[in-house]
Amino acid sequence: MRTHVGEVLALFREHGELSRTEVIDISGLSRSTVNQRLAALESAGLIAEIGGGESTGGRPSSRFALNRSRGVLLTADIGATGLIAAVCDLAGSPLRHRTVRVDVWEGPERVLGEVDRAFDELIEGDLVWGIGIGVPGPVEFAAGRVVNPPIMTGWDRFDIAGWFDRFEVPVVVENDANSRAVAEARPLRHDNLISMKVGTGIGSGLVFNGQIIRGSEGAAGDIGHTRAALADSATPLGCRCGNVGCVEAYAGGWALVRDLDAAGTSVEHVADVVTLVRQGDIEAVRLVRQAGRVLGDAVADLVSILNPESIVLSGQLAECGEVLLSGVRERVYQRSLPLATRNLTIRVSKLGELAGVTGLAIITADQLFATDRIDELLERIG
Ligand SMILES: [Zn+2]
């Protein structure tokens, strides 16, 4: 019978504050059942009564909401050249975070060791309920492992979830672009959204009908290693995955660093490219505009096929704003079907660098609060 507890909790996660009457109306459950479920959730501390509320016959009726500070979720968004670790509340909001510069190809022991250190520094006597780890490669979600990552040397099938055994809580491992897609889609209740992460590398996350599309092997959305349209007319460039003509080889942060360096501008990191664009450097602006067109070409067919309501860009290069967006918009509106772009918005993420950790927290909470798992949680928190 406890599954109903999960269903009622899900209403609060979706709608925010609700009165008893609203829960009855939305769920279709009887008043007595709702009373029982609310009492169970309240006694477990998962929901709490909040002040104010609608008035029925002069007496204000109480309203309830998810008790977002009952426990915390630890999340780490691992990128190619750095990671962000965060303590998040149960609604997914980052409370404290820390940035660490470390290259992902230094291997899992080194990188996850940095995550451990960051977690230890961030935890302030919090009750840890779950852990979410984001990685820049394809993920076998059920097993919590990376599979055949093109750039993550030493990570193939490494037991990432097992690394965090000492916490004795569920660990979710997710692709970085997928976690961003959820962070953008869920709060706005956008059920159909494409998120593009444009940092050192390029990835995309697809949320459709409210669910992440992972594909049968976890490889869905790896747009950075699809063939760039530009490769047909320009010199086919080598990619770090070993292939030639990939989208990343023209539009990834590492490729722009390579091109600016070849043009005689001293740059080392993607952040330097962003700085140059902000300073109005002509070559940097030209290259980022072209990168936008390459991305637009890459995503245009997806727009025609899947008909998302929005495309959201995040990652370090997205900090170039309009310079990058204009190229994406140009190609998508040129090449996608008119009906598919009629109400499409293409924008930069407002969550900035915290998009990844936010999405990871939401996905971890989804697992903890899933109707078939909530018993496990209630037992654990006593
Ligand atoms: Zn490639």
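This one's a predicted model, so the numbers in the text were calculated from it and none came from an experiment.

S.K.: Sorry if this is basic, but what is going on with the overall build of the protein here?
M.R.: On a plain count of helices and strands, the protein comes out with 14 helices and 17 strands. For the protein, the residues scored as buried account for 52% of the 382 residues in total. Put simply, of all contacts in the protein between residues at least 6 apart along the chain, 62% involve residues at least 24 apart. For the protein, the distance from the average position of its 37 positive side-chain charges to the average position of its 50 negative side-chain charges is 4 Å.

S.K.: What am I meant to see in the domain arrangement of the protein here?
M.R.: How big an interface is tends to be expressed through the accessible area that disappears when the partners come together. Segmenting the protein into domains produces domain 1 (3–66), domain 2 (72–181 + 356–381) and domain 3 (189–351). With centres defined by C-alpha atoms, the gap from domain 1 to domain 2 works out at 31 Å. With eight residues of domain 1 at the interface, the matching set in domain 2 holds twelve residues. If you sort the residues of domain 1 by the area they bury against domain 2, Arg-13, Leu-46 and Leu-66 come out on top, with a joint share of 54%. Linking domain 1 with domain 2 are one salt bridge. A salt bridge links Arg-13 to Asp-366, with the nearest nitrogen and oxygen atoms 3.0 Å apart. The interface formed by domain 1 and domain 2 holds one residue pair in polar contact (both at pLDDT 80 or more) in total. It is helix H1 (residues 3–15) that provides the largest number of residues to the side of domain 1 that touches domain 2, a total of five residues.

S.K.: What should I look at first to understand the nonpolar core in this one?
M.R.: Generally speaking, nonpolar side chains in soluble globular proteins are found buried as a group. One finds Met-196, Val-288, Leu-295, Ile-311, Leu-313 and Leu-317 to be the most contacted residues of the largest nonpolar core, which totals 49 residues. Of all elements in the fold, only strand E13 (193–198), strand E14 (202–208), helix H7 (247–251), helix H8 (253–262), helix H9 (270–278), helix H10 (282–306), strand E16 (310–314) and helix H11 (322–335) reach the threshold of two or more residues within this core. Top element by residues in this core is H10. It accounts for ten residues. Setting aside residues no more than four positions away along its own chain, Leu-295 makes contact with Met-196, Val-198, Ile-202, Val-247, Ala-251, Leu-324 and Val-328. Grouped together as the second largest cluster of nonpolar side chains are 33 residues, Ala-85, Met-152, Ile-160 and Ala-161 included.

S.K.: Is there a simple way to think about the pattern of salt bridges in this case?
M.R.: For side chains bearing opposite charge, pairing can occur when the charged atoms are close. Here the structure, examined in full by the defined rule, presents 27 salt bridges. A salt bridge links Arg-157 to Glu-140, with the nearest nitrogen and oxygen atoms 3.4 Å apart. With a gap of 17 residues between them, Arg-157 in the loop between strand E11 (145–146) and helix H5 (160–163) and Glu-140 in strand E10 (residues 139–140) connect regions that are remote in the sequence. Between Arg-258 and Asp-259 there is a salt bridge, with the nearest N and O atoms lying 2.9 Å from each other.

S.K.: Even after reading the chapter, I still don't get the environment of Glu-121, so can you show me in this structure?
M.R.: Relative to the assigned elements, Glu-121 resides in helix H4 (residues 108–122). Between the alpha carbons of Glu-121 and Val-198 there is a distance of 29 Å; along the sequence they are 77 residues apart. Engagement of the side chain of Glu-121 in a polar contact is seen with the side chain of Arg-98, the distance being 2.6 Å.

S.K.: For this particular structure, what's the right way to read the coordination of the zinc ion?
M.R.: The textbook angles at a metal center are 109.5 degrees for a tetrahedron of four donors and 90 or 180 degrees for an octahedron of six. Coordination of the zinc ion by the protein comes from His-225 (ND1), Cys-239 (SG), Cys-241 (SG) and Cys-246 (SG), over a distance range of 2.1 to 2.4 Å. Here the zinc ion is ringed by four donor atoms whose angles at the metal span 104 to 122°, and the overall shape comes out tetrahedral. Every donor residue of the zinc ion comes from the same chain, spaced as H-x13-C-x1-C-x4-C. Since its relative accessible area comes to 9%, Cys-239 is described here as buried.

Conventions we followed
Residues numbered from 1 in each chain as written. Predicted model: local features only at pLDDT ≥ 70, side-chain atom pairs only at ≥ 80, totals over all residues. Heavy atoms only, no water. Helix = DSSP H or I, 4+ residues; strand = E, 2+ residues; numbered from the N terminus. Buried < 20%, exposed > 50% of the residue type's maximum accessible area, 1.4 Å probe, protein only. Contact = heavy atoms within 4.5 Å. Lys, Arg positive; Asp, Glu negative; His and termini not counted. Charge placed at Lys NZ, Arg CZ, Asp CG, Glu CD. Domains from an automatic or database assignment. Buried area = accessible area lost by both parts, 1.4 Å probe. Salt bridge = Lys/Arg side-chain N within 4 Å of Asp/Glu carboxyl O. Polar contact = N/O pair within 3.5 Å; in protein donor to acceptor, adjacent residues only side chain to side chain. Core = buried A, V, L, I, M, F, W, Y, C linked by side-chain atoms within 4.5 Å. Donors = N, O, S within 2.8 Å, 3.2 Å for Na, K, Ca; no water. Tetrahedral: all angles 85-135°; square planar, octahedral: opposite > 155°, others 65-115°.

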